[in-house]
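Architecture and fold: a report
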Amino acid sequence: GSPLLLTSCESRGGNFFARALARLLGLPAGGEAVRVCLSVTRSEDGATERWHRTFGGRSFDTSQREGAGGLLAERAGLVELLFSLSVEGGALVYRQAGAALRLGPLRLPLPRSLAPRVEARERGADDGWDVLVYVSLSAPLAGLMLAYEGRLGVAPGGTSAGVTEVTEVKAT
């Protein structure tokens, strides 16, 4: 792929518990003009994608694959989130359908009252090239842990390692 450009506004939740939990999970901190690099690699069998992100030098990795029932399964550490995908008003909407703790093949479903919540959507921008994205992550008792939205575009003269630039970053 080519380098990517993400113009974004990012915030981390305002209460101590949200910030501490976000740090524990390796989520990026808010800040001004944080450089973000993104690379997506596919497994040899094509069944899994690894999304490697660095926010200001801090890594955050997830893996994505097709889960049971055709759901998208995204895993970060021990936490797996399941999403149904739909198109609504021209946007691809990620609706969280479940969450679980994973220890190897052992899967312990989390009740909604204890599960982290992700809301996400993406849509093509008017220029026909860029993608407008929105992502928020919250947790029970903690509230908002991370949110960002912006424009994801392919920069000219790209290399195989995706580079994402966050040009506007705000923390609360």
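Residues numbered from 1 in each chain as written. Predicted model: local features only at pLDDT ≥ 70, side-chain atom pairs only at ≥ 80, totals over all residues. Heavy atoms only, no water.

**Focus: the confidence of the model for the chain**
Condition: pLDDT is a residue-level measure of predictor confidence that goes from 0 to 100. Throughout, a residue-residue contact means that at least one pair of heavy atoms, one from each residue, lies within 4.5 Å.
When pLDDT is averaged along the chain, the result is 78, and 73% of the positions lie at 70 or above. Confidence over residues 1-7 falls short of pLDDT 50; this stretch has 41 contacts with residues more than four positions distant or in other chains.

**Examining unusual backbone geometry**
We apply this condition: Under the DSSP-based scheme used, a helix requires at least four consecutive residues in state H or I and a strand at least two consecutive residues in state E, with every element numbered from the N terminus. For every residue, the accessible area obtained with a 1.4 Å probe (protein chains only) is divided by the maximum for its type, and the residue is called buried under 20%, exposed over 50%, and partly exposed between those limits.
Phi is positive for L141, which is not a glycine, with a value near 70 degrees. Position of L141 relative to the elements: it lies in the loop between β10 (131-139) and β11 (143-154). Among the residues examined, L141 registers a relative accessible area of 82% and is labelled exposed.

**A short note on a nonpolar patch on the surface**
Note the following rule: Residues forming no salt bridge and having over 30% relative accessible area are the ones grouped into patches, like charges within 9 Å of each other and nonpolar side chains (Val, Leu, Ile, Met, Phe, Trp, Tyr) within 5 Å. Throughout, the Shrake-Rupley method with a 1.4 Å probe supplies accessible areas, and for residues the shown protein chains are the sole cover considered. What makes a salt bridge here is a side-chain nitrogen of Lys or Arg within 4 Å of a carboxyl oxygen of Asp or Glu, nothing more.
On the surface, a nonpolar cluster with roughly 480 Å² of combined accessible area is contributed by L78, L101, L103, L106 and L108. Among the secondary structure elements, those contributing two or more residues to the nonpolar patch are β7 (91-103) and β8 (106-109). Looking at where L108 falls in the secondary structure, it is placed in strand β8.

**Examining the nonpolar core**
Using the following cut-off: As used in this record, nonpolar core signifies buried Ala, Val, Leu, Ile, Met, Phe, Trp, Tyr and Cys residues forming a set joined through side-chain atoms within 4.5 Å.
Among the nonpolar cores identified, the biggest contains 16 residues, and L27, L137 and M145 are the most heavily contacted of them. Elements with a contribution of two residues or more to this core: α1 (16-24), β6 (79-88), β10 and β11. Here the element with the most residues in this core is β11; it accounts for three residues. When near neighbours in sequence (up to four residues on either side) are disregarded, L137 contacts L27, P116, R117, V118, G143, L144, M145 and L146.

**A few points about the environment of R102**
With respect to the element layout, R102 can be found in strand β7. With relative accessibility at 13%, the residue R102 sits in the buried group. Placed 24 residues apart in sequence, R102 and L78 show a C-alpha to C-alpha distance of 5.0 Å.

**Looking at the packing of aromatic side chains**
What counts is decided by this rule: Aromatic pairs are defined between Phe, Tyr and Trp rings, using the six-membered ring for Trp, whenever the two ring centres lie within 6.5 Å; interplanar angles under 30 degrees are classed as stacked, those over 60 as edge-to-face, and all others as tilted.
Per the stated rule, a full pass over the model turns up one aromatic pair. Residues F83 and Y94 carry aromatic rings whose centres are separated by 6.2 Å and whose planes lie at 85 degrees to one another, so their mutual orientation is edge-to-face. Residue F83 is found in strand β6, and its partner Y94 is found in strand β7; the two are separated by eleven residues along the sequence. By relative accessible area, which is 3% here, F83 ends up buried.

**A word on the pairing of β6**
The following threshold applies: Any two strands with at least two DSSP-identified bridges between them are counted as paired.
Two elements, strand β5 (residues 72-76) and β6, share five bridges in a ladder whose sense is antiparallel. For A73, the partnering residue across the bridge sits in β6 and is L82. Taking the residues between adjacent antiparallel strands as the criterion, β5 and β6 are bridged by two residues, where G77 takes a positive phi near 65 degrees. Sheet topology note: the β6/β7 ladder contains ten bridges and is antiparallel. When the bridges of β7 are listed, S84 appears paired with R95. Taken together, β6 and the strand that follows it, β7, pair antiparallel across an intervening segment of two residues, in which G89 is found at a positive phi of about 60 degrees.

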